[in-house]
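This is what each chain is made of:
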Amino acid sequence: PMRRTVSFLRLVPLAAGWLFTVAACAATFGTVVPIGGHASDLALDEARGVVYVANFTANKIDIISIRDNSIRTSINVAPQPGGLALSPDGQYLVVAHFGAWAAPGTSRNSLTVVNLNDNTRQTFAMSFTPLGVAFGADGLAMVVTSSELLLFDPVSGAVQPISTIAELAARALPAKIGQMPPNIIAASVAASADGMVLYGLADLAEEGVIRYRYDVQQRTVSGFAFIASPTVGPRVISPSRDGSFYFAGWGLFDANSNLISQFKNVTGAFETGSHAIDMDGGVIYAQLPEPARNEDETVPPVLMVLDSASLAVRERISLQENLAGRAVLNAARDVMYSVSDSGIMVLPVGSLSRYHRVQAQQEDLVFRGNFCDRRVITQDIVITDPGGGQTDFTLRASAQGVTVTPSSGVTPAVVQVRIDPNAFTTKNGTVTVELQILSASAVNLPLPVRLLINNRNPDQRGTFVNVPGKLVDILADPVRDRFYVLRQDLNQVLVFDGANQTQIGAMKTYNTPTQMTITVDRRYLLVGHDDSQFAAVYDLDTLEQKSPIIFPFGHYPRSIAASGKAILGLSRLADGTGTIDSVDAGSRRAVNMPSLGVYENKVHVSTVLTAAPNGASILAASADGNVMLYSANADTFTISRKDFTKLSGAYAASSFDQYVVNNVLLNASLVPVTRMETGTGLSSGFTFMDDTGFRLTTPGDTAPGVIQRVNPYSGQGSRPTRMAEAPTMPVTEAAAQASSGTGTFTRTVAALYNRTALVAITQSGITVVPWNYDATTAPPRIDTLVNAADMTLPVAPGGLITVFGSDFSPVNVATRELPLPTALGESCLTVNGVALPMLFVSPTQINAQLPFNMGGNTVLVLRTPGGVSNNFNFTVLPTAPSVFRSGAAGPVTDIPTVYRASNGQLVTGSNPIHMGDTIIIWATGLGVTDPAADAGQPAPSNPLSRAIIEPTLTLGGVPLPVLYAGLAPGQVGVYQINATVPIRVPEGLDVPLSIVQGGSSTTLPVRVVK
């Protein structure tokens, strides 16, 4: 083989901080096998059913049975066994001995080869300190020493140099008290499962870290030297099965050493943590410890189950002790063996479902109070064990006014959460309360459930849609009726249909996405990240992820913008500064711009970029008060100004050479034109549409946000209007640096391309505001009220009703939320002062449910932002059975909802009732039930809620035995009647089926045959 000297590029990546606090948990996952010393490495030998563990301080190789996790025997070897490798054929175990003793000690650097077939061994002296060893598919071991990389043949003992790496760190023995093997050896080397690629990680003697890659087939070495903060720990390297990517310390890299994603707020300690990649399962198991927040805090060991593509955390598992070195998965990928504090830990990762775990099926619960209903609101949350087991749990709410029943129990369990709106009357926005989930026997650490409590007044506009998670950016598609939202906690782009605001897709990003842009040709969505050196690329026609844009090593593109001439990315660097890179779309590579026109390319790290919709320019705004402008025409930065001491909040660029940063309107030269008012709160979002601007402000996160139109020439706002809840608030520069991305700047509002609505990121998720939200509205007028089944009178308690009229709501809104809200589309309907649960609202129609305690002469009133309707008087009878006409069979619609139980199909002319059939009728208006039900809540299934006044059924005058008449389980306001058909009923095309209940009845024709 050729001897090759490797040259390295020295660059500096940085990991900024984040913190995840976990509650104490009594149960832990995994089995610890103490070895009575400090483990430095391990090798798995599944053929012999053992794990070999290098006991660094006891000078032996402990052999642990994988059947019962006990130490079977030990092999006494030369001092300080630091590295282990098992040959591909399983015959040889090679041990690297770390013998770098300082004078007057004697060097003991050596290799031991154990022939596992005949139990013979040989020891070979080494000139330099061996830091690690790993086998390739060719049966040769690569030995990493403090001076060079060697190929070692375990059969002959022959050594071949393959590369020199001058002055790797080899710490001298004896070590300081308390130093673990990873601190002493400070190196790791590992092979991909196919043995075709070997990766290594080590410190340089002077300064910095080196990562290197050995191609077994080509026998070539490549690598990078760099400086890292924090240090690259845990000092473990873990390749994927085919070597196409690998985890080193706290970073995930591709085969070319490009940083795919990284974790922030890690200690960087060499001796704590580990990881292993399950490529087939698409997961990475990793412990990457966070630093303590103070001297008294002890951070518990946690194993994270990560998505291998995005590094999103799927689950957090409590460990008995810290992992402390190499980890490997068995061939079945269901057991992970890792060096740990006591020796090794055996983690049956494929059997997590057999361990107690606990979680809530809902991430959020939304409680919608309103100005006309201050009753206690209840919702159910389901607590389960994902593996189906019975696991204890305790729930704790973080605020007064919240009651949980039961507050503890065993899974599976349905828990009722009760909110007293009177405890939150001073808050007209949304209050977030965390519901903590604790368990003494669960090994996982569940996230809390967000309780979102909203109390709105009639002047507040918009309908909020619950979208869980940390949402950090929103962008409307300029040619498709869609919009995109970045969910940072799951590393996703959420795709929404602009017509109904429903989520239609989720695309994985890399770690910690921060901002989006759409290319000028409208074909691609680009996403920048705070913890990846890639910008993700998505085809907007197919929503498929394409090859990423790779930024220079050490550059994290946290803000990205696309003009007609150039795509620019603001990258975070390790020295606390920012720099602007230019993207070559063809090669998918970014390069650092040598200068920004006549200005040096060194900007504040909290800088945000945004492009004008027509692609003519890109605005750069920095937290330190600087603003710059890139001109696509000139293909350079043409303006740089500093008229402010600091900047934050909203930012936007128009196609008419107008720009907004915070509360300031800037002209084409970025000269401040005017300052917008600040009385409505902090600047949160701004968007231009044609020659109009829309601005969001917020006085606080629990207060209503304010939206207003802005004249982009004068900066004058008009008709400021309160929203249902507050938009995302900008954070301080210090808080932004301690968290993720461009938090000092916020983009929280987008205008849909067809000018039907504005969509904002708000406390609960997104809020949809109609385009004409500030139009003058007329008071509502109620014309008629009927039952919602056959659109006739009368109506009964608990039944569904439909109200017709005008000026009910500016938008069409239907809800699937349970329990049903009592305010929808900014409208609230009351009967005798009691708010009705609502299913649907439009400008001319409302569908709602009557309370079960209503009766007699009744007054209906509708309240909207336009005012209060006149009283509408109607009568509620005890019963008013009516059958829904919502069935459809082919082109025929408006069919009564009568079904044959034998085939589950509607009764029609071609599917007639047969004598002896059981029929099921879906209706409303059967009145009060036993047990009683609550309006707006889904009907129970155990026990069933039966109608107190039982209906009688006849078919052609012949009585039908009624099997059940009552509320349909899981439905709201829908009743179900089950009856059998005697054999003596008359045949015919239009045989009358009659339902008589109390003093009310309904009849419909059906076809009957023998």
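Below is a summary of the structure that appears in this document. As the structure is a computational prediction, the values presented were derived from the model and not from experiment. (Residues numbered from 1 in each chain as written. Predicted model: local features only at pLDDT ≥ 70, side-chain atom pairs only at ≥ 80, totals over all residues. Heavy atoms only, no water.)

**A short note on the overall build of the chain**
Summing up its helical and strand segments, the chain has 2 helices and 93 strands in all. Projecting the C-alpha coordinates of the chain onto the three principal axes gives extents of approximately 105 × 75 × 55 Å. Sorting the 1010 residues of the chain into buried and exposed places 59% on the buried side. When contacts within the chain are restricted to residue pairs at least 6 apart in sequence, long-range pairs at least 24 apart make up 55% of them. A total of about 37600 Å² of accessible surface is found on the chain, and carbon and sulfur atoms cover 50% of it. Separation of charge centres in the chain, based on 66 positive and 77 negative side chains, amounts to 1 Å. (Helix = DSSP H or I, 4+ residues; strand = E, 2+ residues; numbered from the N terminus. Buried < 20%, exposed > 50% of the residue type's maximum accessible area, 1.4 Å probe, protein only. Contact = heavy atoms within 4.5 Å. Areas by Shrake-Rupley, 256 points an atom, 1.4 Å probe, with all protein chains shown as cover. Lys, Arg positive; Asp, Glu negative; His and termini not counted. Charge placed at Lys NZ, Arg CZ, Asp CG, Glu CD.)

**Details of the packing of aromatic side chains**
A complete count under the given rule lists 13 aromatic pairs for this structure. On the basis of an interplanar angle of 20° and a centroid distance of 5.5 Å, the ring pair of Tyr246 and Phe253 is categorised as stacked. Each member of the pair, Tyr246 as well as Phe253, is classed as buried. Members of the aromatic cluster, connected to one another through ring pairs, are Tyr199, Tyr246 and Phe253. Looking at Arg108, its charged tip hangs above the ring of Trp101, at a distance of 5.0 Å from the centre. (Phe/Tyr/Trp six-rings, centres within 6.5 Å; stacked < 30°, edge-to-face > 60°. Lys NZ or Arg CZ within 6 Å of the ring centre and 35° of its normal.)

**Let's talk about the sheet that holds strand E60 (residues 664-666)**
The sheet built from 4 strands is open, its strands ordered E58-E59-E60-E61 with antiparallel pairing. The two strands at the open ends of the sheet, each matched to only one other strand, are strand E58 (651-653) and strand E61 (672-675). When strand polarity is set aside, the average angle formed by the axes of neighbouring strands in this sheet is 20°. As defined by bridge partners, strand E59 (residues 659-661) adjoins E60 across 3 bridges and the pair is classed as antiparallel. Bridge pairing links Val661 to Val664 in E60. (Pairing = 2+ DSSP bridges. Axes fitted to C-alpha atoms, helices over the stretch in contact; angles between N-to-C directions.)

**Side note on the sheet that holds strand E71 (residues 813-814)**
Spatial strand order, E69-E70-E75-E74-E71: 5 strands in an open sheet with antiparallel pairing. Bordering the open sheet on either side are strand E69 (781-787) and E71, each of which pairs with just one other strand. In this structure, strand E74 (residues 838-841) lies alongside strand E75 (residues 845-849), joined through 3 bridges in antiparallel fashion. By the bridge assignment, Val841 is partnered in E75 with Ile846.

**Some details on the environment of Gly925**
Within the secondary structure, Gly925 sits in the loop between strand E85 (918-924) and strand E86 (929-930). According to the relative accessible area criterion, Gly925 is buried, its value standing at 3%. Sequence-wise, Gly925 and Gln849 are 76 residues apart; in three dimensions their C-alpha atoms are separated by 10 Å. Beyond its immediate stretch of four places on either side in the chain, Gly925 contacts Ala796, Gly799, Thr879, Ala880, Pro881, Tyr975 and Gln997.

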